[in-house]
Amino acid sequence: MPPVIRDDPYAVYNFQVIVTNVSDDGTAASGAFNEVSGLELEIPPIEYRTGAEDITVRKIPGLKKFTNITLKRGITGSVVFFNWIVEALNGKVRRTSGAIVMLDENRQEVMRWNFDRAWPTKYTGPTLSAGKNEIAMETLVLSVESLTIA
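A short tour of the structure in this document, coming up. A quick note: this is a predicted structure, and the numbers were derived from the prediction, not measured.

### Observations regarding the overall build of the protein
Right, so step 1: A tally of helices and strands in the protein yields 1 helix and 12 strands.
Right, so step 2: Secondary structure elements in the protein, listed N-terminal to C-terminal, are β-β-β-β-β-β-β-β-α-β-β-β-β.
Right, so step 3: Relative to the 2.2 N^0.38 estimate, which gives 15 Å for 150 residues, the radius of gyration of the protein is 20 Å and therefore markedly larger than a compact globule would have.
Right, so step 4: Taken across its 150 residues, the protein has 29% of its residues classed as buried.
Right, so step 5: A fraction of 63% describes how many contacts in the protein between residues 6 or more apart in sequence connect residues 24 or more apart.
Right, so step 6: Surface accessibility of the protein: about 9,900 Å² in total, with carbon and sulfur atoms responsible for 53%.
Right, so step 7: One way to put it: in the protein the 16 positive side-chain charges average out to a point 6 Å from where the 18 negative ones average out.

### Some points on the environment of Ser-143
Right, so step 1: Relative to the helices and strands, Ser-143 resides in strand β11 (residues 137–143).
Right, so step 2: Looking at Ser-143, the relative accessible area reads 15%, which means it is buried.
Right, so step 3: Leave out the neighbours within four places in its chain, and Ser-143 touches Asn-68, Arg-117, Ala-118, Trp-119 and Thr-121.

### What to know about the packing of aromatic side chains
Right, so step 1: Counted by the stated rule, this structure contains 3 aromatic pairs.
Right, so step 2: Plain terms: the ring middles of Phe-33 and Phe-81 are 5.7 Å apart, the flat faces sit at 65° to each other, and that makes the pair edge-to-face. With Phe-33 in the loop between β2 (29–31) and β3 (35–37) and Phe-81 in helix α1 (residues 80–89), this residue pair connects regions lying 48 residues apart in the sequence. Comparing Phe-33 with Phe-81, the two get one shared label, buried.
Right, so step 3: Geometrically, the ring pair formed by Phe-81 and Trp-84 is tilted, given 6.4 Å between the ring centres and 50° between the ring planes. With Phe-81 and Trp-84 both in helix α1, this residue pair falls 3 residues apart, about one helical turn. A single burial state applies to Phe-81 and to Trp-84, both of which are buried.
Right, so step 4: Pairwise contacts between aromatic rings join Phe-33, Phe-81 and Trp-84 into one cluster.

### Focus: the pattern of salt bridges
Right, so step 1: All told, the structure shown has 8 salt bridges when counted by the stated rule.
Right, so step 2: Measuring nitrogen to oxygen at the nearest pair gives 3.1 Å for the salt bridge that ties Glu-105 to Arg-6. With Glu-105 in the loop between β9 (96–103) and β10 (109–124) and Arg-6 in the segment before β1 (15–19), this residue pair connects regions lying 99 residues apart in the sequence.
Right, so step 3: Under the relative-accessibility criterion, Glu-105 is labelled partly exposed at 48%.
Right, so step 4: Of the charged contacts in the structure, one is a salt bridge between Lys-59 and Glu-47, with a shortest N-O distance of 3.9 Å. Pair noted here: Lys-59 is in strand β6 (residues 58–61) and Glu-47 is in strand β5 (residues 45–48), with a separation of 12 residues, a long-range link.
Right, so step 5: Taking relative accessible area as the criterion, Lys-59 reaches 57% and is therefore assigned exposed.
Right, so step 6: Ionic contacts of the salt-bridge type, sharing partners, join the residues Arg-95, Arg-117 and Glu-145 into one network.

### What to know about the nonpolar core
Right, so step 1: In this structure, Val-17, Val-19, Leu-71, Phe-81, Trp-84, Phe-115 and Leu-142 are the most contacted members of the largest nonpolar core, which totals 19 residues.
Right, so step 2: Residue assignment for this core shows that the elements contributing at least two residues are β1, β8 (69–74), α1, β9, β10 and β11.
Right, so step 3: Element by element, the count of residues in this core is highest for β10, at 4 residues.
Right, so step 4: Those residues in contact with Leu-142 that sit more than four places away from it in its chain are Asn-68, Ile-69, Leu-71, Trp-84, Phe-115, Ala-118, Trp-119 and Pro-120.

The rules behind these values
Residues numbered from 1 in each chain as written. Predicted model: local features only at pLDDT ≥ 70, side-chain atom pairs only at ≥ 80, totals over all residues. Heavy atoms only, no water. Helix = DSSP H or I, 4+ residues; strand = E, 2+ residues; numbered from the N terminus. Rg over C-alpha atoms; globule rule 2.2 N^0.38 Å. Buried < 20%, exposed > 50% of the residue type's maximum accessible area, 1.4 Å probe, protein only. Contact = heavy atoms within 4.5 Å. Areas by Shrake-Rupley, 256 points an atom, 1.4 Å probe, with all protein chains shown as cover. Lys, Arg positive; Asp, Glu negative; His and termini not counted. Charge placed at Lys NZ, Arg CZ, Asp CG, Glu CD. Phe/Tyr/Trp six-rings, centres within 6.5 Å; stacked < 30°, edge-to-face > 60°. Salt bridge = Lys/Arg side-chain N within 4 Å of Asp/Glu carboxyl O. Core = buried A, V, L, I, M, F, W, Y, C linked by side-chain atoms within 4.5 Å.

Pasting the structure below:
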């Protein structure tokens, strides 16, 4: 589905995260995540100069890079994502695909960032404190090799 274009920008609070094939049964894991960051890509320039030219430095495209995607959510008792990184710790890195889906005010899809060959690189559990009145949050960082807008 191509992005839905409108005059007013979309709000950041309506989105869905879908990660496919996280567990052995091959089901997709979608989560009520609180925050998603890292939807970035870059092509850093390589500076190059030959001795036959003046002092001008040429710039040519380098290797493409995709930033890690960071997912944060409140702990609900589900250990699907934790078990995924434990598999990687035990030498079985399960690469998968997924999507970050932006929704409009009516919860209809308006834009989608698809990622591919993702695997968990970091899990952070909650910071617990008896003196705070906050939600217990967990963080999962995914390394991705591709990011596209569909």
